[in-house]
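# Residue-level structural notes
The residues making up each chain are set out below.
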Amino acid sequence: MNITRTTPPRPFDVTELFPQLAPLARPATRLHPRSGAPSPHDSSIGGPLLWPARQRWPDCDKWHEGPVSPLVPVAQLYTRDVPLLRPPHRPGGHHDVLQVLWCPFEHPPEHKPPTQLFWRTAAEVTDILVTPPKPSETEYDGYLPEPCVLAPEQIVEYPAFLDLDEELQQRLSNWSNWQAGGVAVDDSYEIAPQEFYMDELSTAPGWKVGGWPPWGLTDPIARFCIVCGAAMSPLLTIASDEWNSGQEGWIPYEDQGDASLDDNSAANPPGVQVADANHLQLYVCSADLGPGHPHTDLVQ
């Protein structure tokens, strides 16, 4: 990967004004997918996978009329590029590649594309599947990601407003607290200053690994492992765009000359559209990342 994307610094350190946020900081990796020609040896969105030629390509046989549908590559992430990834324990070795695939159809009852995760060790794949099967049809073109290379960037996030306790929500919603801190916040936020926190200081938009989940369609929904009951952690956000109105402050410096809120191709190089332009959040068990503890997902 030879591209770089740099998120502008936040307008100010929100923990100086609201110290209660400091222990809630979480690392995240913004992936910044950009149109390109990735190889199987690259981290990518919608690119070719490092898939063993002798391993059967996965398909989906649920809720389909006629033949089964081959799954579609969504993301391939090498741990060398995204150190925040936590591979499952493997006796005698370690995994260093995460592959995410989905069915290009929305499935009931939640009307979202079902996903499958695969961890593997890159050095063990010596014979790569060159031409994987492709689905003969899809529900929407937005479920066929365009090939993109990545520019991973480490950032720090704070919880979405809805994830905060009531006391902190009230403090963030009080305009006088922002004024007392002497920070420069546009007067347009006076009626609802918590929106400034949501737009500029909490969760980054776009594709990312880790961090805090975005909320909007629903209130926060705790996710628990169906096997052991442990809390589940955000793994990957599959986004329908990297910025939109109100999120201009998150546009990387390198894109600001070309960015336009009316040009969706600039904000969404993979061309992904999840469930009416929302985002698909993948979660994994925080106690055991092995295949015996399945991941889950949620549209937001």
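It should be emphasised that the depicted structure is a prediction, and the values quoted were computed from it without experimental measurement.

This part is about the side chain of Thr 29. Counting through the fold element by element, Thr 29 comes out in strand E1 (residues 26–30). With a relative accessible area of 0%, Thr 29 lands in the buried category. For Thr 29, the contacting residues outside a window of four places in its chain are Val 82, Leu 84, Pro 152, Glu 153, Gln 154, Trp 207, Lys 208 and Val 209.

Before going further, it helps to examine the sheet that holds E1. With antiparallel pairing, six strands are arranged side by side in an open sheet as E12-E1-E13-E14-E15-E16. In this open sheet, the two strands that pair with only one neighbour each are strand E12 (153–157) and strand E16 (296–299). Strand after strand, the sheet turns through a mean of 25° between neighbouring axes, direction not considered. Two strands pair when backbone bridges link them, and strand E13 (residues 208–210) and strand E14 (residues 232–238) are joined in this way by two bridges, in the antiparallel orientation. Across the sheet, Val 209 pairs through a bridge with Leu 236, a residue of E14.

Once that is clear, we can look at the pattern of salt bridges. In this structure the tally under the stated criterion is 10 salt bridges. Where Lys 208 meets Glu 157, a salt bridge forms, and the shortest distance between an N and an O atom there is 2.8 Å. In this pair, Lys 208 is assigned in strand E13 and Glu 157 in strand E12, connecting sequence segments 51 residues apart. On the basis of relative accessible area, Lys 208 is assigned to the buried category, the value being 2%. Of the residues examined, Glu 157 reaches a relative accessible area of 0% and is grouped as buried. Here the salt bridges share partners, and the residues they tie into one network are Arg 5, Arg 30, Arg 34, Glu 242 and Asp 255.

Moving on to unusual backbone geometry. Note the cis peptide between Pro 108 and Pro 109, where omega equals 5°. Tracing the backbone shows Pro 109 in the loop between strand E9 (97–102) and strand E10 (115–120). Phi is positive for Ala 275, close to 45°, though the residue is something other than glycine. A positive phi angle is found at Ala 277, which is not glycine, with a value near 65°. Among the structural elements, Ala 277 can be located in the loop between helix H5 (264–267) and strand E15 (280–285). What makes Ala 277 partly exposed here is its relative accessible area of 38%.

Here we come to the nonpolar core. Counting residues in hydrophobic clusters, the biggest one holds 29 residues, and the most contacted among them are Leu 31, Leu 77, Leu 85, Trp 102, Trp 207, Leu 236 and Ile 238. Elements represented by at least two residues in this core include exactly strand E6 (72–78), E9, E14 and E15. In terms of residue count, E6 provides more of this core than any other element does, four residues in total. Apart from the residues within four sequence positions on either side, Leu 77 is in contact with Leu 31, Ser 43, Val 82, Leu 85, Asp 96, Val 97, Leu 98, Leu 150, Val 209 and Leu 236. Counting 17 residues, the second-largest nonpolar core is a separate cluster that includes Tyr 158, Leu 172, Trp 175 and Val 185.

All right, on to the pairing of E1 then. Note: E1 against E12, five bridges, orientation antiparallel. Counterpart to Arg 26 in the pairing with E12 is Glu 157. Sheet topology note: the E1/E13 ladder contains three bridges and is antiparallel. Residue pairing in the sheet places Arg 30 in a bridge with Lys 208 of E13.

Position of Val 274 among the secondary structure elements: in the loop between H5 and E15. Separated by 136 residues in sequence, Val 274 and Thr 138 have C-alpha atoms that sit 13 Å apart. The residues contacting Val 274, other than those within four sequence positions of it, are Trp 102, Tyr 143, Ile 238, Ser 240, His 279 and Leu 280.

Read from one edge to the other, the open sheet built from six strands follows the order E2-E11-E3-E6-E9-E10, with strand pairing classed as antiparallel. The open sheet is flanked by strand E2 (34–35) and E10, the only strands paired with a single partner. As paired strands, E2 and strand E11 (residues 148–149) are joined by two bridges and run antiparallel to one another. Each residue of the ladder has a partner; that of Ser 35, found in E11, is Cys 148.

The subject of this paragraph is the packing of aromatic side chains. Applying the stated criterion across every chain, the model contains nine aromatic pairs. Consider the rings of Phe 18 and Trp 178, whose centres lie 5.1 Å apart with planes at 65°: the pair is edge-to-face. Pair noted here: Phe 18 is in the loop between helix H1 (14–17) and E1 and Trp 178 is in helix H3 (residues 175–180), with a separation of 160 residues, a long-range link. Judged on exposure class, the residue Phe 18 and its partner Trp 178 are both buried. Taking the centre distance of 5.8 Å and the plane angle of 55° together, the rings of Tyr 140 and Tyr 143 count as tilted. The partly exposed category is assigned to Tyr 140, whose relative accessible area is 43%. Joined through ring pairs, the aromatic side chains of Phe 12, Phe 18, Trp 178, Tyr 189 and Phe 196 make up one cluster. In this arrangement the basic side chain of Arg 26 is found over the ring face of Trp 212, its NZ or CZ atom lying 3.5 Å from the centre. Sitting above the plane of the Trp 51 ring, Arg 120 keeps its charged end 4.6 Å from the centroid.

Criteria and thresholds
- Residues numbered from 1 in each chain as written.
- Predicted model: local features only at pLDDT ≥ 70, side-chain atom pairs only at ≥ 80, totals over all residues.
- Heavy atoms only, no water.
- Helix = DSSP H or I, 4+ residues; strand = E, 2+ residues; numbered from the N terminus.
- Buried < 20%, exposed > 50% of the residue type's maximum accessible area, 1.4 Å probe, protein only.
- Contact = heavy atoms within 4.5 Å.
- Pairing = 2+ DSSP bridges.
- Axes fitted to C-alpha atoms, helices over the stretch in contact; angles between N-to-C directions.
- Salt bridge = Lys/Arg side-chain N within 4 Å of Asp/Glu carboxyl O.
- Core = buried A, V, L, I, M, F, W, Y, C linked by side-chain atoms within 4.5 Å.
- Phe/Tyr/Trp six-rings, centres within 6.5 Å; stacked < 30°, edge-to-face > 60°.
- Lys NZ or Arg CZ within 6 Å of the ring centre and 35° of its normal.

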